[in-house]
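Given next are the chains, with one letter for each unit.
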Amino acid sequence: MEQTQKTDVIVTEGVTKVYDADGIPVNALNGVDLTIQSGEFTAIVGPSGSGKTTFLNIISGLDAPTEGKVLLSGKVLSEMGGNELSDFRRDNIGFIFQAYNLIPVLTVEENVEYIMLLAGVPKAERHDRVVAMLETVGLKDVEDRLPTQLSGGQQQRVAIARAMVSEPAIILADEPTANLDSKTGAALLDMMSQLNAETGMTFIFSTHDPMVMESARRLITLCDGQIDTDEMK
Amino acid sequence: MILKIAFRNIFRQKRRTILTALAMIVGFTLSSIVIGLSDGAYSNVIKMFTGNRIGHIQVHREGYHDKPSIYKTISNYESIGETIQGNTDVEAWTPRVYAGGLGSVGEKSTAVRVIGVDVVREIKATHFDKKVVEGSPLSITASREAVIGQGLAKTLAATLGSKIVIFSQAADGSIANDEYTIIGIAESGDDITDRVTCYLHIEDAQELFVLEGRVHEIVVIVSNINKVGKITEAIQERLNDSTLEVLPWQVVAKSFYDAMQSDKQGDAVARFIIILIVAIGVLNTVLMSVLERTREYGVLKAVGTKPIQIFWLVIYEVVIIAIGSIVIGALLGVFINYLFSIHGLTYAEGLTLGGVEFGTMYAEVNARSLMIPGITVMLSATLVGLFPAIKAARIMPAKAMRTH
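Residues numbered from 1 in each chain as written. Chains lettered and ligands numbered in written order. Predicted model: local features only at pLDDT ≥ 70, side-chain atom pairs only at ≥ 80, totals over all residues.

Some points on the overall build of chain B
Inference 1: Along the backbone of chain B there are 15 helices and twelve strands.
Inference 2: For chain B, the C-alpha radius of gyration of 31 Å lies well beyond 22 Å, the compact-globule estimate for 404 residues.
Inference 3: Summarising its shape, the C-alpha atoms of chain B cover approximately 100 × 45 × 30 Å along the three principal directions.
Inference 4: Within chain B, the fraction of its 404 residues that count as buried is 44%.
Inference 5: In chain B, the share of contacts with a sequence separation of at least 24, taken over all contacts with a separation of at least 6, comes to 80%. (Helix = DSSP H or I, 4+ residues; strand = E, 2+ residues; numbered from the N terminus. Rg over C-alpha atoms; globule rule 2.2 N^0.38 Å. Buried ≥ 20, exposed ≤ 12 C-beta atoms within 10 Å, placed from the backbone. Contact = placed C-beta atoms within 7 Å.)

In structure tokens:
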């Protein structure tokens with residue numbers, strides 16, 4: 001897919017998140033205003049507790065902000081109901097988690113197929129896309145295995161395949177290389193960078209990993225729940 | 001796919017599945033045995049009470065059941081009996097004459113209830129011969145013989161060969177007074193009946209009470225007691241005589257029937273307690289299972305699974321386990337009920353049902369003993385599954401994925 005025109009895929013306006021920690025309010029995010037455009041390969045960095053994961057959760061609708069507004073592809077997330085939000089996430093966002101979070105009872109092929117099945121993609125098309133995706137991430141030979149029969153690197157590849165197979169507009173990756181050795185991490189990062197270039201999907205990482213920061217074309221630093229720096233490379 | 005995940009989750013958490021299934025299987029089996037034994041006991045009691053005594057259906061002159069009287073008689077009972085026998089569900093019928101009086105043996109006297117029986121028909125219908133525990137049943141032809149209840153024999157200090165004199169008032173207003181030789185002592189299974197009953201040949205009784213060719217009751221035995229309501233209606237229609245009342249045993253022995261119904265309510269309480277234990281067991285294991293998999297539900301929701309699909313995932317798991325448990329429970333229930341139907345369950349102290357005492361309970365293998373536990377296990381499991389299912393469906397993905 002070739003990028004023709006950049007659009008604002010994520011817009012946050014004054015996003016604040018306050019957690020209740022045993023009766024003590026903890027400010028995870030303090031009025032974050034941010035715009036991310038289509039096709040970006042952005043890393044959100046910062047020390048532990050800076051609000052990176054909270055920010056990813058809120059811009060994906062996995063969590064609700066205490067104050068402020070999130071627009072995803074022009075839609076206000078807080079105005080959507082439970083089912084609408086589930087459908088919206090399914091069709092627009094792919095997730096890659098630090099702990100892979102694959103469905104343990106489904107095989108590699110079924111994990112990748114799952115989201116398309118929810119979306120009602122016809123069987124033949126699902127199969128073709130799964131085969132193509134597993135080939136892209138180099139897992140064609142392990143399609144019948146369960147996640148527990150795979151290495152960490154292989155599991156993360158499955159997670160990448162699952163996130164990308166339905167061609168969502170945005171891929172959110174929360175510390176995707178944290179549980180991987182540097183060689184595997186680098187290989188996966190290269191793969192995601194290449195997919196970003198080829199498909200024009202927007203990639204947003206939360207990370208501590210210098211390698212990810214190096215690859216990112218935009219680096220946003222969060223500190224105490226606020227944007228400290230926002231640097232385009 | 002949700003169904004596939006549910007299936008695989010069941011086999012993945014084997015220990016929890018076995019625990020959940022065990023609660024359901026034990027509940028189903030116990031419930032099935034309770035129903036099998038109680039149905040078996042009720043059937044036996046009903047058979048004893050109806051088949052050997054009051055019959056399944058009774059035909060009287062209108063109003064006799066509510067207010068019995070020596071004058072409310074059926075005259076053409078032979079032809080009525082033949083008409084009744086025309087119903088293919090009728091196995092046998094037998095006419096009876098009833099009257100009260102005073103019975104004396106030597107210097108001892110007491111109130112007696114005279115039952116005039118057609119010996120051949122009575123043996124066929126209610127096994128009259130088997131009630132005679134001492135001596136012999138009445139002769140086929142009227143021979144001025146009497147068979148008296150065991151209690152009555154004791155009261156009158158009568159033995160075989162003793163003469164019993166019956167005093168009463170006949171249907172024509174004259175004094176009924178005659179003497180009969182006691183040739184048998186009967187035990188009907190009901191002490192109260194045996195303390196007052198004196199059986200005479202029907203023709204002897206008709207002669208004593210001046211009831212020539214007339215009877216008070218026609219007792220009908222049917223081949224299937226469960227169809228007694230329909231057969232009663234069919235006989236009523238067939239007789240087409242508004243001066244006759246045709247009553248099923250439930251009406252004839254209303255207090256016995258009501259006592260049985262209230263005993264059955266006691267069984268419902270026992271079943272409820274069993275199901276409550278099942279429900280608590282299932283709720284506990286399913287809830288634990290959901291809590292353990294909070295993170296997984298969070299992931300499923302994060303990648304686009306709708307809350308309703310998560311809800312169904314939990315319900316499917318419960319329902320699949322319930323179906324498996326019901327199948328196993330049904331096999332066990334049928335097997336155990338079958339064993340109890342052959343060998344019975346003997347009580348050290350006799351059990352009383354509907355006023356009838358018996359020492360051994362025989363179970364019945366019937367559809368009810370499978371359907372009621374099946375429905376209750378399925379309903380209660382699904383019902384208690386609702387809470388964990390709703391809990392899983394309402395999980396906030398971000399929060400759920402923070403749990404370990």
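Focus on the pairing of strand β5 (residues 145-149) of chain B
Residue and element names in this part refer to chain B.
Inference 1: Burial analysis of β5 places five of its five residues in the buried class, which makes it a mostly covered element.
Inference 2: As paired elements, β5 and strand β8 (residues 197-201) share three bridges and run antiparallel to each other. When the sheet's bridge partners are listed, Val147 is paired in β8 with Tyr199. (Pairing = 2+ DSSP bridges.)

So, the interface of chain B and chain A
Inference 1: Taken together, the contact pairs 19 residues of chain B with 18 residues of chain A.
Inference 2: Put simply, the parts of the chain that give the side of chain B that touches chain A at least two residues each are α1 (2-12), α12 (294-302), α13 (307-343) and α15 (397-402) of chain B.
Inference 3: Considering only residue class, the side of chain B that touches chain A consists of twelve nonpolar, three polar and four charged. (Nonpolar A, V, L, I, M, F, W, Y, C, P; charged D, E, K, R; others polar.)

A word on the packing of α1(B) against α13(B)
Residue and element names in this part refer to chain B.
Inference 1: Viewed as axis vectors pointing N to C, α1 and α13 meet at an angle of 50°, and their least axial separation amounts to 9 Å. Compared by their axis directions, α1 and α13 come out oblique. Pair α1 / α13 crosses with right-handed handedness. The residues of α13 that touch α1, namely those facing Ile2, Leu3, Ile5, Ala6, Phe7, Asn9 and Ile10, are Gln309, Trp312, Leu313, Tyr316, Glu317, Ile320 and Ile321.
Inference 2: A breakdown of the residues in the contact of α1 with α13 according to their chemical character gives eleven nonpolar, two polar and one charged. (Axes fitted to C-alpha atoms, helices over the stretch in contact; angles between N-to-C directions. Parallel < 35°, antiparallel > 145°, perpendicular 65-115°, else oblique. Left-handed = near helix turned anticlockwise from the far one by under 90°.)

What to know about the sheet that holds strand β3 (residues 41-45) of chain A
Residues and elements named next belong to chain A.
Inference 1: An order of β6-β7-β8-β3-β9-β10 is seen for the six strands of this open sheet, with the pairing classed as mixed. Unpaired on one side and paired on the other, β6 (93-96) and β10 (226-232) mark the two borders of the sheet. Taken pair by pair, the neighbouring strands of this sheet meet at an average axis angle of 15°, ignoring direction.
Inference 2: Of the pairings in the sheet, the one linking strand β7 (residues 170-174) to strand β8 (residues 202-207) comprises five bridges and is parallel in character. Counterpart to Asp174 in the pairing with β8 is Ser206.

Observations regarding the domain arrangement of chain B
Inference 1: When its domains are assigned, chain B resolves into domain 1 (2-49 + 257-402) and domain 2 (90-218).
Inference 2: Summarising the inter-unit geometry, the C-alpha centres of domain 1 of chain B and domain 2 of chain B are found 53 Å apart. (Domains from an automatic or database assignment.)

A look at helix α6 (residues 182-199) of chain A
Residue and element names in this part refer to chain A.
Inference 1: The first and last C-alpha atoms of α6 sit 25 Å apart over 18 residues, in line with the 26 Å expected at 1.5 Å per residue.
Inference 2: Among the residues of α6, Gly185, Leu188, Leu189 and Met192 are the ones counted as buried. With its buried residues spanning 105° around the axis, α6 presents them on a single face. Across from the buried face of α6, at angles greater than 90 degrees, the exposed residues are Lys183, Asp190, Gln194, Ala197 and Glu198.
Inference 3: Buried residues in α6 make contact with α5 (152-164), β8 and α7 (210-215).
Inference 4: Where α6 terminates, the next one or two residues include Gly200, which has phi positive at roughly 80°. (Expected span 1.5 Å × (residues − 1). Arc of directions from axis to C-beta.)

Observations regarding unusual backbone geometry
Inference 1: Within the chain, Asp224(A) stands out as a residue other than glycine whose phi angle is a positive 50°.
Inference 2: Look at Asp224(A) and you get partly exposed, because 14 C-beta atoms sit within 10 Å.
Inference 3: With phi around 55°, His127(B) is a residue other than glycine that occupies positive phi space.
Inference 4: Mapped onto the elements, His127(B) comes out in the loop between α4 (119-126) and α5 (128-131).

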